[in-house]
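Commentary on secondary and tertiary structure
Chain by chain, the residues run as shown.
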Amino acid sequence: MCEKKRRILSIGAHPDDADTYSGGLLQKLQEAGWEIRLLSVTDGSAGTYRDELDRPKLAAMRREEAAASGRLLGGLYEVLDYPDGQLEVTLAARERLIRYIRAYAPDVIITNRPNDYHADHRNTALLIQDASFLLTVPHICPDVPALADVPAILFWNDDFKKPYPHQPDIIVPLKSAREDFKVRLACCHECQYFDWMYYPHHMEKIDWPREEQIAELAARFRRSSHREAESLREKLLAKYGDEGANIEYCESYEISEYGEAPCEEFLAVAEALEY
């Protein structure tokens, strides 16, 4: 057994990224005793079409929503103040992340890949990539002690194919209840999943009863997770034998070459069979 409590840091660009992309894995780790920390690099202040919601009001709302999601995971969900839609890969932003990661000292970091449709997503990944080795360099940000090793860095799944598709190095089987939990996390972010998500092509859904909105959201999450499991069926059968045929839902993660290999304790929890 490990001598200290293991820690995972999920870093997203916006206040609904770090939890909803990886909620199944985070819940498995939480139940196994890992400490969960979530971070949004931007303030989420551009995610609305409503004139009455200016940037400060929306940023405050999204901080509250993120905090509620963090409580479900038993962890702190912090939101930095970089403006949504305007994140740049700067030295100042890199050093801020270096200090943050060093102070928390996670065993594992998860984030999105550098190739993505949203500039904030791409730049978040690039900032983490650029910070990775420097986490261990004492003369960089010397006011915060350097780490002895770079944490494992994992990328959550996406559908982008260029310059190369997501590589499912780690497959996380999920029982049905995990999908229900991921919907609960998403429901914390009301201004996104029950308002902004419908703009501009499905505005009629804003007036749906909340239970219908949640049911549609749950179906969407399950379709996505089931589609991922189906696409990985051969790998699931190779790893789990005949039991791999029964896995209906999963998440998958790509191992970044910029970090250390994930520890065995992480893999034992993440890859534990459940369906």
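For clarity, every value in this text was computed on a predicted model and none was experimentally measured. (Residues numbered from 1 in each chain as written. Predicted model: local features only at pLDDT ≥ 70, side-chain atom pairs only at ≥ 80, totals over all residues. Heavy atoms only, no water.)

What follows is about the side chain of Asp-19. In this fold, Asp-19 is placed in helix 1 (residues 17–20). Aside from chain neighbours lying at most four places away, what touches Asp-19 is Leu-26, Leu-38, Ser-69, Leu-73, Tyr-77, Leu-185 and His-189. (Helix = DSSP H or I, 4+ residues; strand = E, 2+ residues; numbered from the N terminus. Contact = heavy atoms within 4.5 Å.)

With respect to burial, strand 1 (residues 7–12) is a largely interior element, 5 of its 6 residues being buried. Sheet analysis places strand 1 next to strand 2 (residues 35–42), joined by 6 bridges and oriented parallel. Each residue of the ladder has a partner; that of Ile-11, found in strand 2, is Leu-39. Bridging between strand 1 and strand 4 (residues 108–111) involves 3 bridges; their strand directions are parallel. Bridging across to strand 4, Ser-10 finds its partner in Ile-110. (Buried < 20%, exposed > 50% of the residue type's maximum accessible area, 1.4 Å probe, protein only. Pairing = 2+ DSSP bridges.)

Within strand 6 (residues 170–174), 5 of the 5 residues are buried, which leaves the element mostly enclosed by the surrounding structure. Burial along strand 6 is two-sided: the residues Ile-170, Val-172 and Leu-174 and Ile-171 and Pro-173 are all buried. Inspection of the sheet shows strand 6 paired to strand 7 (residues 249–255) by 5 bridges, in the antiparallel sense. Among the inter-strand pairings, Leu-174 is bridged to a residue of strand 7, identified as Tyr-249.

It is worth spelling out unusual backbone geometry at this point. With omega at 5 degrees, the peptide bond leading from Lys-162 into Pro-163 counts as cis. Position of Pro-163 among the secondary structure elements: in the loop between strand 5 (152–156) and strand 6. Even without a glycine there, the phi angle at Ala-105 is positive, about 55 degrees. Among the secondary structure elements, Ala-105 is positioned in the loop between helix 4 (91–104) and strand 4. A relative accessible area of 29% means that Ala-105 is categorised as partly exposed. One non-glycine residue, Cys-141, lies in the positive phi region at around 50 degrees. With respect to the helices and strands, the residue Cys-141 is situated in the loop between helix 5 (119–132) and strand 5. You can call Cys-141 buried: its relative accessible area is 4%.

Here the focus is the nonpolar core. Here is a general trend for soluble globular proteins: nonpolar side chains tend to be buried in one another's company. Judged by nonpolar contacts, the single largest core of 29 residues is most densely connected at Ile-8, Leu-25, Ile-110 and Phe-266. Once you skip the residues sitting within four places of it in the chain, Phe-266 turns out to touch Ile-8, Leu-25, Leu-29, Trp-34, Val-108, Leu-154 and Ile-170. Listed in part, the 24 residues of the second largest apolar core include Leu-80, Tyr-100, Leu-147 and Phe-155. (Core = buried A, V, L, I, M, F, W, Y, C linked by side-chain atoms within 4.5 Å.)

Formally, a disulfide is one covalent bond, and it connects the sulfur atom of one cysteine to the sulfur atom of another. Scanning all chains against the criterion turns up 0 disulfides. Lacking any disulfide linkage, Cys-188 is separated from the closest cysteine sulfur, that of Cys-187, by 7.5 Å. Given the relative accessible area of 16%, Cys-188 is considered buried. (Disulfide = S-S within 2.5 Å.)

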